[in-house]
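# Architecture at a glance
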Amino acid sequence: MEVILFEIALTFYFASAIVCVLELFKSTRTSSIIMFSLAAAGFAFHTANIIARYVISGHIPITNLHEASSFFSWCIVLIFFFIEYRYRLGLLGSFIMPVVFVLMLSSSMLPRKIEPLSPVLRSYWLGIHTVLAFVGDAAFAMAFVMGIMYLIQEHYLKSKHLGGLFERLPSLQILDEINYKLITLGFPLLTLAIITGALWAESAWGTYWRWDAKEVWSLITWFIYALVLHVRLIAGWRGKRAAILSIIGFGVVLFTFFGVSLIMKSVHSF
Amino acid sequence: MKVLVVGLNHKTASVEIRERLAFNGPKLEEGIHVLSTIPEVKEIAVLSTCNRVELYACVSSVPSASDHILNFLAGFHGLGRQDFEKSLYLLDADSAVRHVFRVASSLDSMVVGEPQILGQIKDTFDFALGKKTTGVLLNKLMKKAISTAKRVRTETKIAENAVSISFAAVELARKIFTDLPGKSFMLLGAGEMAELAARHLVNNGVTHVTVVNRTYERGCELAREFSGNPVRFEDFLSELVHTDIIICSTGAPTYVLLREQMQKVMKERKNRPVFIIDISVPRNIDPEINKIDNVYLYDVDDLQEVVDTNIHGRKKEAEKAEKIIDEEVEKFIRWMTSLNSVPTIVALRQRAEEIKAEELEKFRKRFPDLDEDKLKAVAYLAASITNKLIHPPTVALKEDSEDRDELIAMIKKLYGLNGDDEEY
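A short tour of the structure in this document, coming up. All values derive from a computational prediction rather than experimental measurement.

## Structural notes on the overall build of chain A
Within chain A, the regular secondary structure consists of 8 helices and 0 strands. Taken from N to C terminus, the helices and strands of chain A fall in the order α-α-α-α-α-α-α-α. If one aligns the C-alpha atoms of chain A with their principal axes, the spans along those axes are about 60 × 50 × 30 Å. Among the 270 residues that make up chain A, the fraction classed as buried is 42%. Contacts spanning at least 24 positions in sequence make up 79% of the contacts within chain A whose residues lie at least 6 apart.

## Here we look at the packing of helix α6 (residues 116-130) of chain B against helix α7 (residues 136-155) of chain B
Residues and elements named next belong to chain B. For the pair α6 and α7, the least separation of the axes is 11 Å and the interaxial angle reads 165°. Relative to α7, the element α6 is oriented roughly antiparallel. Classified by chirality, the crossing of α7 by α6 is left-handed. Where α6 abuts α7, its residues L118, I121, K122 and F125 lie against M142, A145, I146 and A149. Partitioning the contact of α6 with α7 into residue classes produces 7 nonpolar, no polar and 1 charged.

## Looking at the sheet that holds strand β2 (residues 41-48) of chain B
Residues and elements named next belong to chain B. If you walk across this open sheet you meet the 4 strands as β2-β3-β1-β4, and the pairing is antiparallel. Each of the sheet's edge strands pairs with one partner strand only, and the pair in question is β2 and β4 (89-92). Each adjacent strand pair in this sheet contributes to an overall mean axis angle of 15°, direction not counted. Sheet topology note: the β2/strand β3 (residues 52-59) ladder contains 7 bridges and is antiparallel. Counted as the bridge partner of V46 is L55 from β3. Contacts from helix α5 (residues 93-104) reach β1 (2-9), β3 and β4, with the element oriented near 50° to β1.

## Observations regarding the interface of chain A and chain B
In this assembly, 15 residues from chain A lie in contact with 17 residues from chain B. Of all the elements, helix α6 (residues 172-205) of chain A adds the most residues to the side of chain A that touches chain B, at 3 residues. The residue inventory of the side of chain A that touches chain B, partitioned by class, reads 5 nonpolar, 5 polar and 5 charged.

## Some words on the environment of A:I62
Residue and element names in this part refer to chain A. Tracing the backbone through its elements, the reader meets I62 in the loop between α2 (29-57) and α3 (65-87). Note on I62: 24 C-beta atoms within 10 Å, which makes it buried. Once the C-alpha coordinates of I62 and V131 are considered, the two residues, 69 residues apart in sequence, prove to be 8.4 Å apart. In contact with I62, other than residues within four places in its own chain, are E67, A68, F71, T130 and F134.

## Considering the pairing of strand β9 (residues 274-278) of chain B
All names here are of chain B. The element β9 is largely enclosed, with a buried count of 5 among its 5 residues. Bridging between strand β8 (residues 245-249) and β9 involves 4 bridges; their strand directions are parallel. By the bridge assignment for β9, I246 is matched with I276. In this fold, the crossover linking β8 to β9 by way of helix α12 (residues 259-268) has right-handed handedness. Relative to strand β10 (residues 295-299), β9 runs parallel, the two sharing 5 bridges. Looking at the pairing, I276 lines up with L297 of β10.

## What about the nonpolar core?
A:I76, A:M142, B:I247, B:I276 and B:I277 are the most contacted members of the largest nonpolar core, which has 121 residues in total. Per-element accounting of this core gives the leading share, 16 residues, to helix α5 (residues 124-159) of chain A. Here B:I276 is in contact with B:I246, B:C248, B:I285, B:I289, B:V295, B:Y296 and B:L297, once residues within four sequence places are set aside.

## A few points about the sheet that holds strand β6 (residues 208-213) of chain B
Residue and element names in this part refer to chain B. Spatially, 6 strands are ordered β7-β6-β5-β8-β9-β10 in an open sheet, and the strand pairing comes out parallel. Each edge of the open sheet carries a strand with a single partner, namely β7 (229-232) and β10. Within this sheet the neighbouring strands show an average axis-to-axis angle of 20°, counted without direction. With 5 bridges connecting them, strand β5 (residues 184-189) and β6 associate as parallel partners. Within β6, the position partnered with S184 by the bridge is H208. Docked against the sheet, helix α9 (residues 192-203) engages β5, β6, β8 and β9, running at close to 165° with respect to β8. On the sheet, helix α10 (residues 216-225) packs against β5, β6 and β7 and is oriented at approximately 155° with respect to β6.

Quick notes on the rules
- Residues numbered from 1 in each chain as written.
- Chains lettered and ligands numbered in written order.
- Predicted model: local features only at pLDDT ≥ 70, side-chain atom pairs only at ≥ 80, totals over all residues.
- Helix = DSSP H or I, 4+ residues; strand = E, 2+ residues; numbered from the N terminus.
- Buried ≥ 20, exposed ≤ 12 C-beta atoms within 10 Å, placed from the backbone.
- Contact = placed C-beta atoms within 7 Å.
- Axes fitted to C-alpha atoms, helices over the stretch in contact; angles between N-to-C directions.
- Parallel < 35°, antiparallel > 145°, perpendicular 65-115°, else oblique.
- Left-handed = near helix turned anticlockwise from the far one by under 90°.
- Nonpolar A, V, L, I, M, F, W, Y, C, P; charged D, E, K, R; others polar.
- Pairing = 2+ DSSP bridges.
- Right-handed = clockwise from strand over helix to strand, strands pointing away.
- Core = buried A, V, L, I, M, F, W, Y, C linked by C-beta atoms within 7 Å.

What follows is the structure in structure tokens.
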């Protein structure tokens, strides 16, 4: 049942991503309505899939890489809808939905079996810690996309060749503003995720901090975003530099998320 | 009588030369007065704007009149002829007429299609009219220049170009700032195009307006127009810290804003973005400034390029405009050459009247006994014969034909009319 829900969600996301890519070339009111409807349908089935897995396993379904990628995508789509509702940027979907589809596709290729959770991890901390971490990471992902869009638009304006997407990309100010807001959302979430992680570690293993690879890289991520906020507030690093920093920051997030899980040994299963 | 245009513009002369040759305020009145005393100059009008200085004259001989005019320009402005001679253009006959029509139609403007040049042309001729330095030819030239400009405006889309440059400035501002309300704007300097763009920004809701001008009084005047605050030129750098959008058009010969200065401003602004439009020619803002993060500098060529990518039909509109100009020039030249035959017609009639009077006098002397009634009858006969005789050549002279100049020469020869060129 939950497998079928996942596949349907994946199919809808795929269709939506196709429309999104086509929208890069030509966008009409109808095409964006179709794109949003497909994404919304995908999101509905996706949500049902997550609920189904929760019901089956009895805990928040973020315990392996498959579930993690899936939940990560879910958070991104959620924030995407929110930004679109609030700012109506139009072209944002063309940047987001293909990424969501790729994330979901990689998730679909990872082992999906629901394994019984080891007793040591069975705690309410699981839900709090992982949800905080993932919503935070999704915010950073969106900030990354804003950064990319900013750099493209900035390039058009500086080079004075105003072709291509210039007309449809939002203004620099709004991209910079959303980028900043997303980081101010992601940063406290990451902070709380690290704190709740430490508390959970203490209750599970009796120690707050074990210099585990995931922990170290999360800390590095935290420092990077702390730096992003610091230089913006103190030195006025906005615009292009802020965009580049948020792109670098998300690179580290991705490494923490996938790299550490695949290359290094960690207590985190993903 | 020939039409002569002596002038220089933003394409042929640097701002230093333009400034030194400009006829500002009292200089205009004095200059026109001196010019009108040059014997070869029959009619004269002077146009002096920030982009061009042009003398429109009606002269009896082009080479000697232009020589006198050049000497006058050198003496009047305290320059050597070699200082400006190579920046000047000297046009006569149909190329002069064409030039005047193109200038009035804003085809020769820095920003093609900008609307204010026509007003300046009107002012130029009104002023000359007031000083009584124009006559039949220049008055007609002015009237035709204005009607041609109006034709160009209504029959082509060329006027939209200037509007679209202002429009492009607003669009670019929207891609940098999202919303213009709440943004602050500085008009640095003045000028046709800058004011048009400024008005567009203000109409689109820019809230805080600052006007900076080298002459503080002019700044105050403009500030009132845009309901903004005047700021003295010396203080504009400190004001930049609070400014999001700048339109610059000062006519200064060098940069008024350098990269290092702008870098300092950006630091103080905490890198809040700035959009600078430099309409001045030569440019007043160091182009290097565009390399500073969060500063977007566009000069007039950049804006033109933006517009050109949007309007593909601009070239076609320009061709259409040139065609209208061609038509009007031809009409005017035809009118002008028809003027050439007027003195010949007058001379011919005079000659006929002279012969008639002479012969009547001889007749009276030979037949002194004739009574008044008979003499009257003879005079009547003489008049109708002379009229009959000069009627066909008069009609031929009035007729519009290609070989009219030949005809004029021939009639002069046949009737022994001496080439006395004191015309109409």
